[in-house]
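Residue-level structural notes
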Amino acid sequence: MNCKALMNQNEHIQSILHKQSKQMRSDYRICLTASIDCIRVLLRQGNSFRGHDETEGSLNPGNFLIQLEFLGAHNKEINDVILKNAPKNCKLTSPDIQKDIVRACAIETINIIIKDIGNSLFSILVDESRDVSMKEQMSVVLRYVDSSGHINERFIGIEHVSSTTALSLKDAIDKMFAKYNLSISNVRGQGFDGASNMQGKFNGLKALILKENPCAFYIHCFAHQLQLALIAVAKKNLPISNFFRIVSDVVNVVGSSCKRSDLLKEKHSDFIVEELERGEISSGRGLNQETTLQRTGDTRWGSHYNSLNTLISMFSAVSDVLEMISEDDSSSPDQKTETFNLLESILSFDFAFNLHLMKHVLGISSELSTALQKKDQDIVNAMDLLYFYTDFINVDGIGLMLENYEQLLSVSYNQESF
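Report on the accompanying structure. Since we're looking at a predicted model, the values are computed, not measured.

Structural notes on the overall build of the protein chain
Broken down by element type, the protein chain carries 16 helices and 5 strands. Sequence-distant contacts in the protein chain: of pairs separated by 6 or more residues, those separated by 24 or more amount to 59%. For the protein chain, the exposed area adds up to about 27,100 Å²; of that, 54% sits on carbon and sulfur atoms.

Encoded structure:
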């Protein structure tokens, strides 16, 4: 019997080891595939991977491990080879393994993008900023037309730069082009912000690229130019600059605490109920939603338009809240004085006029900015939009402003007479 066993090739030590090795390879492939699938989902959704506590008994070990546990709970074949059931030295869940898989996904994604571009022409979009670790980072996006005629914008990476000079940025772009086998001669467009190191006529990044490729035309984002123009005009006009300061102060005072915010919402809700009972506003799905004052930001002037809209819709409630704060004994004398001055300011005719005036102007610029940022927008249509809105402001806009001025003047006169 022993001789027969020795003669059986299936029972040979080498055959047994081969079977075990084959099973281990299969288990490893299943475990690796499960980890890759979880990482792909997290990358696609832009979610974080790790948790604060990744120990075995943790209730929230992080998105990656939770995703892997969920996958194993719904697939027995995967569950048999992951986490507790995997070899202790081959769980494929360590942060280093996660980073390696992420880097592999990034490489494969960029290779597909470069393959899709091929030898066709493309434009380059570059911007730089400082991250939370105080390092200057340069992001690069390529814009091209694929074989189907669709316009694509694809992010291809972030490069750390030692400085933000034009030479440093150009050197980083050259290294990235060499890495992905891209040619500067195929560049037909440049898109940067308006900083001097970017669009400088002689030594900017734009000029350095144009020296190598005169066909790489520079385009400054029209929506960004519109925003810069609004900021410049608002800061140079003292009444308007002071108006936005008052708006910002009102938002800060009213929204400085949860108590005041809740009071504002309550007052606004009461005014809506009263207006509905008087038939001054209509009810319906999506109308009269709960809202609050929105803060403004210099980098996004669309936020100014939204802030003015909410202030107009909640003006009565804001006035009541400011009056209550100024009369509240628990407030400090400085707070009472500041709130009283704000209340006097927003109840003035100048503030009311500037509020409606800037709402009208920013409404036009908001529509233009939205139109300029459409994915299917082209340069010819963009120029037509600029001319149209410029004419509208110069001709029709003046008439509308005068009508608003007459209405406000009439209301102000009636209030004073009363």
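Still more to cover.
Observations concerning the pairing of strand β2 (residues 136–145)
For β2, the buried fraction is high: 7 of the 10 residues fall into the buried class. Both strand β1 (residues 122–130) and β2 contribute to a ladder of 9 bridges, which runs antiparallel. Counterpart to aspartate 127 in the pairing with β2 is serine 139. Connecting β1 to the next strand, β2, in antiparallel fashion are 5 residues, including methionine 134 with a positive phi near 65 degrees. Across 9 bridges, β2 lies against strand β3 (residues 151–160) in antiparallel orientation. For serine 139, the partnering residue across the bridge sits in β3 and is isoleucine 158.

Side note on the packing of helix α11 (residues 258–278) against helix α13 (residues 315–327)
Orientation of α11 relative to α13, taken along the N-to-C sense of each, is 135 degrees, at an axis distance of 8 Å. The angle between the axes of α11 and α13 places the two elements in the oblique class. As α11 runs across α13, the sense of the crossing is right-handed. Here Arg260, Leu263, Leu264, Lys267, His268 and Phe271 of α11 lie close against α13, whose contacting residues are Ser316, Ala317, Val318, Asp320, Val321, Met324 and Ile325. A breakdown of the residues in the contact of α11 with α13 according to their chemical character gives 8 nonpolar, 2 polar and 3 charged.

Some details on a nonpolar patch on the surface
A contiguous nonpolar surface patch, about 270 Å² in accessible area, is contributed by Ile219, Ile379 and Val380. With respect to the helices and strands, isoleucine 219 occurs in the loop between β5 (217–218) and α9 (222–236).

Quick notes on the packing of aromatic side chains
One pass over the structure, following the stated rule, counts 5 aromatic pairs. Between phenylalanine 243 and phenylalanine 244, the ring centres sit 5.2 Å apart and the planes meet at 65 degrees, which makes this aromatic pair edge-to-face. Among the residues examined, phenylalanine 244 registers a relative accessible area of 11% and is labelled buried.

A short note on the pattern of salt bridges
Scanning the model with the defined rule gives 9 salt bridges in all. In this structure, the salt-bridge partner of lysine 175 is aspartate 171, at a minimum N-O distance of 3.5 Å. Taken together, the residues span about one helical turn, with lysine 175 and aspartate 171 both in helix α6 (residues 166–179) at a distance of 4 residues. Judged by its relative accessible area of 38%, aspartate 171 is partly exposed.

Quick look at α6
For α6, which comprises 14 residues, the first-to-last C-alpha distance of 20 Å matches the rise-based estimate of 20 Å (1.5 Å per residue) to within 8%. Ala166, Ser168, Leu169, Lys170, Ala172, Ile173, Met176 and Phe177 are the residues of α6 that are buried. The inward-facing, buried residues of α6 contact β1, β2, β3, β4 (187–191), α7 (196–199) and α8 (205–212). Asparagine 181 occupies a position one or two residues after α6 and carries a positive phi of about 60 degrees.

Things to note about the sheet that holds β4
The 5 strands are arranged β3-β2-β1-β4-β5 in an open sheet whose pairing can be described as mixed. Every interior strand has two partners, whereas the edge strands, β3 and β5, have only one. Judged from the 2 bridges that link them, β4 and β5 form a sheet pairing that is parallel. Looking at the pairing, glycine 189 lines up with phenylalanine 217 of β5.

Describing the environment of methionine 383
Within the secondary structure, methionine 383 is located in helix α16 (residues 379–417). With a relative accessible area of 27%, methionine 383 lands in the partly exposed category. In sequence terms methionine 383 and leucine 372 are 11 residues apart; their C-alpha atoms lie 9.5 Å from each other.

Describing the nonpolar core
In terms of nonpolar packing, the biggest core is built from 36 residues, with Leu293 and Val318 touching the most fellow members. When residues of this core are traced back to their parent elements, those giving at least two are α9, α10 (238–254), α12 (302–313), α13, α14 (333–346), α15 (349–372) and α16. No other element matches α10, which puts 9 residues into this core. Leucine 293 has contacts with Val250, Val251, Val254, Leu264, Thr310, Leu311, Met314 and Val318, leaving out every residue within four places of it along the chain. Listed in part, the 28 residues of the second largest apolar core include Ile117, Phe192, Ile209 and Ala216.

Considerations on the packing of α13 against α14
As a packed pair, α13 and α14 sit with axes 8 Å apart at the nearest point and diverge in direction by 150 degrees. One element, α13, and the other, α14, form an angle in the roughly antiparallel class. Seen from above, α13 lies across α14 with left-handed handedness. Across from Phe315, Val318, Ser319, Leu322, Glu323, Ile325 and Ser326 in α13, the residues of α14 making contact are Lys336, Thr339, Phe340, Leu343 and Ile346. Residues of the contact of α13 with α14, tallied by class, amount to 7 nonpolar, 3 polar and 2 charged.

Examining the environment of serine 326
The topology assignment puts serine 326 in helix α13. Non-local contacts of serine 326, meaning those with residues more than four positions away in its chain, are made with Lys336, Thr339 and Phe340. Separated by 2.7 Å, the side chain of serine 326 and the backbone oxygen of glutamate 323 make a polar contact.

The rules behind these values
Residues numbered from 1 in each chain as written. Predicted model: local features only at pLDDT ≥ 70, side-chain atom pairs only at ≥ 80, totals over all residues. Heavy atoms only, no water. Helix = DSSP H or I, 4+ residues; strand = E, 2+ residues; numbered from the N terminus. Contact = heavy atoms within 4.5 Å. Areas by Shrake-Rupley, 256 points an atom, 1.4 Å probe, with all protein chains shown as cover. Buried < 20%, exposed > 50% of the residue type's maximum accessible area, 1.4 Å probe, protein only. Pairing = 2+ DSSP bridges. Axes fitted to C-alpha atoms, helices over the stretch in contact; angles between N-to-C directions. Parallel < 35°, antiparallel > 145°, perpendicular 65-115°, else oblique. Left-handed = near helix turned anticlockwise from the far one by under 90°. Nonpolar A, V, L, I, M, F, W, Y, C, P; charged D, E, K, R; others polar. Patch = residues over 30% accessible without salt bridge, like charges linked within 9 Å, V, L, I, M, F, W, Y side chains within 5 Å. Salt bridge = Lys/Arg side-chain N within 4 Å of Asp/Glu carboxyl O. Phe/Tyr/Trp six-rings, centres within 6.5 Å; stacked < 30°, edge-to-face > 60°. Expected span 1.5 Å × (residues − 1). Core = buried A, V, L, I, M, F, W, Y, C linked by side-chain atoms within 4.5 Å. Polar contact = N/O pair within 3.5 Å; in protein donor to acceptor, adjacent residues only side chain to side chain.

Keep in mind these numbers describe shape, not what the thing actually does.
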